[in-house]
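Structural description and commentary
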Amino acid sequence: MIPELGQFVVILALVVALIQGTLPLLGAQRGDERLMALARPLAQAQFTLLLLAFSALAWSFLTHDFSVKNVAQNSFSQLPAIYRFTATWGSHEGSLLLWTVILAGWSAAVAVFSRQLPQEMVARVLAVLGLVSVGFLALLVFTSNPFERLFPIPADGRDLNPLLQDAGMISHPPLLYMGYVGFSVAFAFAIAALLSGRLDAAWARWSRPWTTTAWTFLTLGVALGSWWAYRELGWGGWWFWDPTENASLMPWLAGTALIHALAATEKRGVFSNWSVLLAIATFSLSLLGTFLVRSGVLSSVHAFAVDPTRGLFILVFLGLVIGGSMTLYALRAPRMVAGGSFAWFSRESLLLANNVFLIAALGAVLLGTLYPLFLDALGLGKISVGPQYFNAVFVPLVAPALFLVGIGPLARWKKASLPDLMWRLKWAFGVALVTAALLPLTLDGMNLQVTLGLFLALWILFTVIKGFAQRLQHAGPDRWRQLLRLPRAFWGMQLAHAGLAILVVGVTMVSNYETERDVRMPIGSHVELAGYRFVFHGVEEVPGPNYLAGRATMEITSPHGRSFMLYPEKRNYDASGAIMTQAAVHYGLFRDVYISLGDPLGDGVWTVRVYHKPFVGWLWAGALLLAMGGGLAAADPRYRMVLRRRRVPDAEPALASAAAPEVR
């Protein structure tokens, strides 16, 4: 009964989304306040319905209802309760339902937290979000029913994919979807602005906190996915340039460009058309990632194996979204009068240059990801584009963008003095360059890649410090109090930039100085790596809730004489018979010790792979600071100010004075 209720509720949500996507939009065009007023309650109703449907599916998993095909294929009676719950989104159907719930949640949030915005704008935004929901709910209803019954009812399920039975998968997909779907709000604001014929600073101000929040969630999702792969796959890598990983990186790069472009649009009224185009591109790339993961064109540990019908449906939907939005952009954008002017060297020009490098890097990733697929589709053969291409092309494009991160926040709006900025940053540049050149000499000799990476990281950190000093130069003896009074948006920007620097240090050090050994180890034998001594004490059988594990005991002694134990495993899962490697990691501030258990060779002998990974943890620490900075910036109180209808508040002179683009 509960699955049928869930299916009915999804169909009802589709009807509500269809009404939400049409009547308020019609009301906004006609100026009918009664139709526009329907947008908020419809958005909230849709969210309530889909939350009920998701609860019904989760209940089916938690109660072992194997009469539901989705449950039978992705659960098991011995599966721990936490993984029975996460199995709700462990399949294509379940994850798509989660996607629609999150999309409806974003719509409901806009309905609740945008009550001070003009009614026409809110109606258009929620209508666009409703139409996006229609596409995904139609896919759910017509091709991907998560409540489909199965007869005869099996005695037990096939179990959840062992790769997904990990703590990282509890939060990785929801966070990733919060980012993907969150960019639909930026997309909806952009389309609403085009429909209204006004691309002004107020539009950017309304859109900016939603965009930054979505970017924050996507940052956390991508970082957590990297950490999951590092721990779970047993390869010791943190980024593989897998096409599905690239599918999450591309909207992140576009979203990063978007939040910087929106800053210029809000403050100076410039780049309005460019910001709209980026909003469309960012959400389109999120949909492209959905197509790649769910169409069956990729073979990846991150992808769902689905039939071509679903892939064709998503491809048509992607074409409608991109084609429709770009057609509207082509019709309306040329009629917009750009506002504001700026000198060749200014914060605006630096933000624009930063955007150019980010989009170029995005293009390189997009080409490397899609080109092999196009060749395969045209029957021209199969090729593989791997890390060698991405590292050779991506890094040279990102490096200039990282350098500009240090300069941009210190330059003035509209017009800046290059000689003055060079003079103010001479010590930051000099100390960063000398330190980055000398540090590799203390490790393993001169290394230009390490020098470049450390220079960029130190450059960003020193300019962050300079940014605080510049803000407090006239604070006097009350400096600490003034520091705490700085705007949250400024703190968020600086924290995010500092996190980026820490991430760059982690990438640089682990990429150039990690070491590994793949060895044959009898009981009692030892191996040494990077000053660490690894002693193998054998493997014992340990039963798990739904698997039988061979658990190795490894005793590790550090260069300082401290000892600790690690227990890597080889697991054989009961239902599927899959054999999986569970790596063991000893985390440290400046290094990780990583052990992966290989195959038995007989007589108690096993193959073992040991790794020493310097500074690898700084990757995720930096990503966490990036996300914290984004969250802090989105929570700036000025975004919660009461906005006067149809005009920019007088409390923001920079906004009020910005020349707003209008339709001529």
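1. What to know about the overall build of the protein
Counting secondary structure elements, the protein contains 21 helices and 10 strands. Its C-alpha atoms put the protein at 85 × 70 × 55 Å along the principal axes. Here the protein displays about 28200 Å² of accessible surface, and carbon together with sulfur accounts for 65% of that area. Computed over 49 positive and 37 negative side-chain charges, the inter-centroid distance for the protein is 15 Å.

2. Quick look at the environment of Leu566
Position of Leu566 relative to the elements: it lies in strand β5 (residues 563-566). Judged by its relative accessible area of 6%, Leu566 is buried. With 472 residues separating them along the chain, Leu566 and Gly94 place their C-alpha atoms 36 Å apart.

3. Looking at the environment of Pro308
Turning to its location among the elements, Pro308 is positioned in helix α12 (residues 308-332). Sequence separation between Pro308 and Arg294 is 14 residues, and the spatial gap between their C-alpha atoms is 9.1 Å.

4. A closer look at a nonpolar patch on the surface
Taken together, the side chains of Leu5, Phe8, Ile11, Leu12, Val15, Ile19, Leu23, Leu26 and Leu38 present a nonpolar region at the surface, about 690 Å² in accessible area. Positionally, Leu12 belongs in helix α1 (residues 2-30).

5. Topic: the pairing of β5
Taken residue by residue, a regular strand's side chains alternate between the two faces of the sheet. The two faces of β5 differ: Phe564 and Leu566 on one face are buried, but Ser563 and Met565 on the other face are not. Counting the residues between successive antiparallel strands, the hairpin from strand β4 (residues 547-557) to β5 contains 5 residues, one of them, Gly561, with a positive phi of roughly 90°.

6. Some thoughts on the domain arrangement of the protein
Its domain assignment divides the protein into domain 1 (1-159) and domain 2 (515-617). Placing the centre of domain 1 and that of domain 2 at their C-alpha centroids yields a distance of 43 Å. Listed per partner, the contact involves 7 residues of domain 1 and 6 residues of domain 2. Contact with domain 2 buries area across many residues of domain 1, yet Phe76, Gln78 and Asp159 alone supply 69% of it, more than any other trio. The interface formed by domain 1 and domain 2 contains 0 salt bridges. At the junction of domain 1 and domain 2, the tally comes to 1 residue pair in polar contact (both at pLDDT 80 or more).

7. Observations regarding unusual backbone geometry
Cis geometry is adopted by the peptide bond preceding Pro152, which originates at Phe151 and carries an omega value of -5°. Mapped onto the elements of the fold, Pro152 is located in the loop between α7 (119-143) and α8 (168-196). Notably, Lys414 is not glycine yet its phi reads approximately 75°, a positive angle. In this structure, Lys414 sits in the loop between α14 (387-407) and α15 (418-424).

8. Examining the nonpolar core
Counting 161 residues, the largest nonpolar core has Phe189 and Trp203 as the members making the most contacts within it. Tallying contributions element by element places α8 first for this core, with 16 residues. Two domains share this core, each providing at least three of its residues, namely domain 1 (1-159) and domain 2 (515-617). Sequence-distant contacts of Phe189, defined by excluding residues within four places in its chain, comprise Leu117, Met121, Val125, Trp203, Trp206, Ser207 and Trp210. Val527, Ala552, Ile556 and Leu597 belong to the second largest nonpolar core, which has 19 residues in total.

9. A look at the sheet that holds strand β1 (residues 515-521)
Read across the open sheet, the 4 strands follow the order β1-β10-β9-β8; overall the sheet is antiparallel. The outermost strands of the open sheet, each flanked by one partner alone, are β1 and β8 (584-587). Averaged over all neighbouring strand pairs, the angle between strand axes comes to 15°, with direction disregarded. Where β1 and strand β10 (residues 605-614) come together, 7 bridges link them in antiparallel fashion. Its bridge partner lying in β10, Asp518 is registered against Arg609. Against the sheet, helix α19 (residues 488-513) engages β1 and β10, with an angle of about 140° to β10.

Here is what the cut-offs are and how they apply
- Residues numbered from 1 in each chain as written.
- Predicted model: local features only at pLDDT ≥ 70, side-chain atom pairs only at ≥ 80, totals over all residues.
- Heavy atoms only, no water.
- Helix = DSSP H or I, 4+ residues; strand = E, 2+ residues; numbered from the N terminus.
- Areas by Shrake-Rupley, 256 points an atom, 1.4 Å probe, with all protein chains shown as cover.
- Lys, Arg positive; Asp, Glu negative; His and termini not counted.
- Charge placed at Lys NZ, Arg CZ, Asp CG, Glu CD.
- Buried < 20%, exposed > 50% of the residue type's maximum accessible area, 1.4 Å probe, protein only.
- Patch = residues over 30% accessible without salt bridge, like charges linked within 9 Å, V, L, I, M, F, W, Y side chains within 5 Å.
- Salt bridge = Lys/Arg side-chain N within 4 Å of Asp/Glu carboxyl O.
- Pairing = 2+ DSSP bridges.
- Domains from an automatic or database assignment.
- Contact = heavy atoms within 4.5 Å.
- Buried area = accessible area lost by both parts, 1.4 Å probe.
- Polar contact = N/O pair within 3.5 Å; in protein donor to acceptor, adjacent residues only side chain to side chain.
- Core = buried A, V, L, I, M, F, W, Y, C linked by side-chain atoms within 4.5 Å.
- Axes fitted to C-alpha atoms, helices over the stretch in contact; angles between N-to-C directions.

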